[in-house]
Amino acid sequence: MFASRRRILSKTKFAAPSRREPSIRLRHNSGTATTSGLSPVGAAAVLFFASAASGFAGYSLATSKQTLKKTDASSDSLRNPKWGSPEDFQKAIKELQVVFAGNSDITVETDPEVLHVHGYSENDYHPAHAPTVVVTPQTTEDVVKIVHIANKYRMPITPYSGGTSLEGQFRSSPVGGICLDMGGMDRILELHEEDSDLVCQPGAGWVDINDMLKEKGLKLFFPLDPAPGATIGGMLSNGCSGTNAVRYGTAKAEWFLNATVVLPSGEVIKTRRRARKSSAGFDTTKLFIGAEGTLGIVTEVTIRLAPLLPTNVAVVHFPDVRKATAAVREILNSGVGIQCVELVDNEFMRATNMIHRSNPPRYSELDSLFFKLQGPTTASLAETAKIVRSIVEKKAYGGTGWKLARSDEEALDIWTDRKNAHYAGLQLLPGARGWATDVCVPISKLPDLVYETKKDIKDSGLVSHIVGHVGDGNFHALLLFRDDKELDVVRDVVHRMVERAIALDGTCTPSDLMIPVQSDVLSLGTGEHGVGMGKKEYLNEELGEGTVELMKTIKRAIDPLNLFNPGKATLP
């Protein structure tokens, strides 16, 4: 039954909005407790975080290096956690079995096959760390009970949902622990059509949510679009984005209005009210966006919905990446309706032609742009297409072969070619496996990064293609390899690519989660896939020692026992 949880698509359940558990203390960051029943330790931790963060921020700017030396490694819970013994873990399992014995929807699994599924991924090369037990909560109250038991026996907890993350985010700790499979918490609790938002549990899939809205005939959708199997909890926790980011931004915009979170103490907080904006206190919702489950376990989320507008798709070819990128800058500054704009190189186009095997080839094998145009009416779409075409065909940019879809079916066909990038890329070297990696830089720096990376790949003797969300300055490279020797070369290329991006004022972690689950495409160092286990080594270089130490201070304040997803998001 657990293997089926690693699904590409799930069917989200719709539930009445009367599922709140009355025995849970629920705190808003601007309010008071609504009921009683849990220890106030979590509230103290949050207050400590607030004071520690404000004081430490200024202090670290001047004395970050001295501050880093102040934490004794022997007493630091991040470096030397005092977790329970194997015997303690077995006691915890027995208590979990007793607590949930009467609930058939909640399973407490120790079967080795189930543990393997939840501690291993075919999408990366990170060490496989199986949990000691897998538990399937159904409500916030269930999560609270599990967290209390974890505290009692000092047992690490790792949340698991869609299983699409690429940097080892759902790996258990090296000593095992509790895997919290949130797949069963996939209900839509409230739908507010008038306010264009809804409340759901963390296991609800974004694809399922959009399908539900379509079935109800609502012209609304959730615009963040990572991997099809990604769930709302994982998208929030990894700070995801996707192809729509050029129009709608990322998870760190205002798409997650609030979250109900179980803190490491077992206390439940709600980060804010449902209003579209609030200036009350710290933005605690964003504290958990990108935290990868290290600070709290999200059990409910209010997401903002966007109007679903008509779209059309176009593709055009360029002499080189630099001219394509320059054209995109002018298009975006013109203010026309662009939902997506994707840069692909000549090798991608060659791979796509290999898939279709048409004669003549479907596409010119040149660096190209795929556009998804957006507008409220057919006339506005036509006007947008006219403006975009007039810009790309300017002599300065040299765009050729403009092709605008003439029907919805043709638009889907063209866009599917773009979405199949990684599958198509495997055609370039039959029998090879692929390492998908990406980074993000300011848009003006993207051509330099692409050219230098392509030269590095060629000089290394590797086969690859490049796909980028050019409107964000972000690109993916699929590096192909056939054996361990070539894999070592790939690792070196990835390392240099990340270093190159950071030197250009970029990031190694834009968080996109774009790779579907499959056995032939792997990821370790990626630009849009979060930090997890794979990107920790680059954090100091990208963010600075003071900022990373501030993150550690927050972690120590909220999770002093280092029980929540240890070893992720920050340096150990």
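This structure is a prediction, so every number in the text was calculated from the model and none was measured.

**Student:** Hey, could you run me through the overall build of the protein chain in this one?
**Tutor:** A count of helical and extended segments in the protein chain gives 17 helices and 21 strands. Buried positions account for 59% of the 572 residues belonging to the protein chain. Counted over contacts in the protein chain with a minimum sequence separation of 6, partners at least 24 positions apart contribute 76%.

**Student:** Would you mind going over the packing of helix α9 (residues 321-334) against helix α14 (residues 446-459) with me for this structure?
**Tutor:** When two helices pack together, their arrangement is given by the angle between their axes and by how far apart the axes lie. Between α9 and α14, the least distance of the axes is 9 Å, while the angle of their chain directions is 160 degrees. Considering the angle they form, α9 stands roughly antiparallel to α14. The crossing of α9 and α14 is right-handed. Mapping the contact onto sequence places V321, R322 and T325 in α9 and P447, D448, V450 and Y451 in α14. Counted by class, the contact of α9 with α14 contains four nonpolar, one polar and two charged residues.

**Student:** Help me understand the pairing of strand β16 (residues 367-374) in this model?
**Tutor:** Along any regular strand the residues' side chains alternate between the sheet's two faces. Counting buried residues in β16 gives eight out of eight residues, a clear majority hidden from the surface. On β16, burial covers both faces: D367, L369, F371 and L373 on one face and S368, F370, K372 and Q374 on the other are all buried. Note that strand β14 (residues 311-318) and β16 share eight bridges and pair antiparallel. Bridging from a neighbouring strand, A314 pairs with F371 of β16.

**Student:** It is not clear to me how unusual backbone geometry should be interpreted in this structure. Could you clarify?
**Tutor:** Among all residues except glycine, the phi angle is most often negative; among peptide bonds, the trans geometry is most common. With an omega dihedral of 5 degrees, the bond running from N359 to P360 counts as a cis peptide bond. Along the chain, P360 falls in the loop between α10 (346-356) and β16. Look at R154: it is not a glycine, yet its phi comes out positive at around 50 degrees. Tracing the backbone through its elements, the reader meets R154 in the loop between α4 (140-153) and β5 (157-160). Using a relative accessible area of 35% as the deciding quantity, one classes R154 as partly exposed.

**Student:** Any chance you could explain α10 here in plain terms?
**Tutor:** Helical periodicity: at 3.6 residues per turn, an α-helix aligns residues three or four positions apart in one direction. Of all the positions in α10, only F348, M349, A351, T352 and N353 are classed as buried. Contacts from the buried residues of α10 go to β14, β15 (338-344), β16, α12 (408-419), α13 (421-425) and β19 (463-469). Positive phi shows up at R357, right after α10, with a value of about 50 degrees.

**Student:** Help me understand the packing of aromatic side chains, please; the structure alone is not making it clear to me.
**Tutor:** Geometry of an aromatic ring pair is reported as the spacing of the ring centres plus the angle between the planes. Inspection of every chain in the model, using the stated rule, returns five aromatic pairs. For the ring pair Y248 and W255, a centre distance of 5.9 Å and an interplane angle of 70 degrees mean the geometry is edge-to-face. Across the pair, exposure class does not vary: Y248 and W255 are buried alike. Relative to F370, the ring of Y363 has its centre 6.0 Å away and its plane inclined at 65 degrees; by these criteria the two rings are edge-to-face. In this structure, Y363 and F370 share a single accessibility class: buried. Here a set of aromatic residues connected by ring pairs shows up, and it is made of F221, Y248 and W255. Directly above the ring of Y248 sits R247, whose terminal nitrogen or CZ lies 4.7 Å from the centroid. Above the plane of the ring of W255 lies R304, whose end atom (NZ or CZ) is 3.9 Å from the centre.

**Student:** Just to check I follow, could you spell out α9 for this structure?
**Tutor:** Helix length check: α9, at 14 residues, gives a terminal C-alpha distance of 20 Å against a target of 20 Å (1.5 Å per residue), a fit within 8%. Of all the positions in α9, only V321, A324, T325, A326, A327, V328 and I331 are classed as buried. Looking at the packing, one finds that the buried side of α9 touches β14, β15, β16, α11 (378-392) and α14. One side-chain oxygen of the residue at the start of α9 lies 3.1 Å from the amide nitrogen of R322, identifying that residue as D320. Among the residues trailing α9, G335 stands out with phi positive, at a value near 85 degrees.

**Student:** Sorry, what's going on with a negative patch on the surface here?
**Tutor:** Taken together, D483, D484, D488 and D492 make up a surface patch of like negative charges. Summarising the element assignment, D483 is placed in the loop between β20 (474-481) and α15 (484-503). For D483, a relative accessible area of 40% puts it in the partly exposed group.

**Student:** What is the right way to look at the pattern of salt bridges in this model?
**Tutor:** Where charged atoms from two side chains of opposite charge approach closely, those side chains can pair. According to the stated counting rule, one finds 23 salt bridges in the structure shown. The partner of K403 in a salt bridge is E410, and the shortest N-O contact between them spans 3.8 Å. When its relative accessible area of 15% is taken as the criterion, E410 is described as buried. Shared partners join several salt bridges into a network, and the residues in it are E254, R272, D283 and K286.

**Student:** Can you help me understand the sheet that holds strand β4 (residues 133-135) in this one?
**Tutor:** Hydrogen bonds along the backbone pair up the strands of a sheet, which may run parallel or antiparallel. Reading across from one edge, β3-β4-β6-β5 is the order of the four strands in this open sheet, with mixed pairing throughout. Across the chains shown, the open sheet's two edge strands, defined by having one partner strand only, are β3 (108-109) and β5. In this structure, β4 lies alongside strand β6 (residues 178-181), joined through three bridges in parallel fashion. Following the sheet pairing, V135 is matched in β6 by L180. Each of β4, β5 and β6 touches α4; the most contacted strand, β6, lies at about 170 degrees to it.

**Student:** Where do I start with the side chain of E486 in this structure?
**Tutor:** Tracing the chain through its elements places E486 in helix α15. With residues near it in sequence (within four places) discarded, E486 still touches L462 and F481.

**Student:** Would you mind going over the packing of α14 against α15 with me for this structure?
**Tutor:** Across the interface, α14 lies against α15 with an axial gap of 11 Å and an inter-helix angle of 160 degrees. It follows that α14 is roughly antiparallel to α15 by the angle criterion. Like other packed secondary-structure pairs, α14 and α15 cross with a definite hand, here right-handed. For the pair formed by α14 and α15, the contact residues are L449, E452, T453, D456 and I457 on the first element and V493, R496, M497, R500 and A501 on the second. Its residues placed into classes, the contact of α14 with α15 shows five nonpolar, one polar and four charged.

The rules we used
Residues numbered from 1 in each chain as written. Predicted model: local features only at pLDDT ≥ 70, side-chain atom pairs only at ≥ 80, totals over all residues. Heavy atoms only, no water. Helix = DSSP H or I, 4+ residues; strand = E, 2+ residues; numbered from the N terminus. Buried < 20%, exposed > 50% of the residue type's maximum accessible area, 1.4 Å probe, protein only. Contact = heavy atoms within 4.5 Å. Axes fitted to C-alpha atoms, helices over the stretch in contact; angles between N-to-C directions. Parallel < 35°, antiparallel > 145°, perpendicular 65-115°, else oblique. Left-handed = near helix turned anticlockwise from the far one by under 90°. Nonpolar A, V, L, I, M, F, W, Y, C, P; charged D, E, K, R; others polar. Pairing = 2+ DSSP bridges. Phe/Tyr/Trp six-rings, centres within 6.5 Å; stacked < 30°, edge-to-face > 60°. Lys NZ or Arg CZ within 6 Å of the ring centre and 35° of its normal. Expected span 1.5 Å × (residues − 1). Polar contact = N/O pair within 3.5 Å; in protein donor to acceptor, adjacent residues only side chain to side chain. Patch = residues over 30% accessible without salt bridge, like charges linked within 9 Å, V, L, I, M, F, W, Y side chains within 5 Å. Areas by Shrake-Rupley, 256 points an atom, 1.4 Å probe, with all protein chains shown as cover. Salt bridge = Lys/Arg side-chain N within 4 Å of Asp/Glu carboxyl O. Lys, Arg positive; Asp, Glu negative; His and termini not counted. Charge placed at Lys NZ, Arg CZ, Asp CG, Glu CD.

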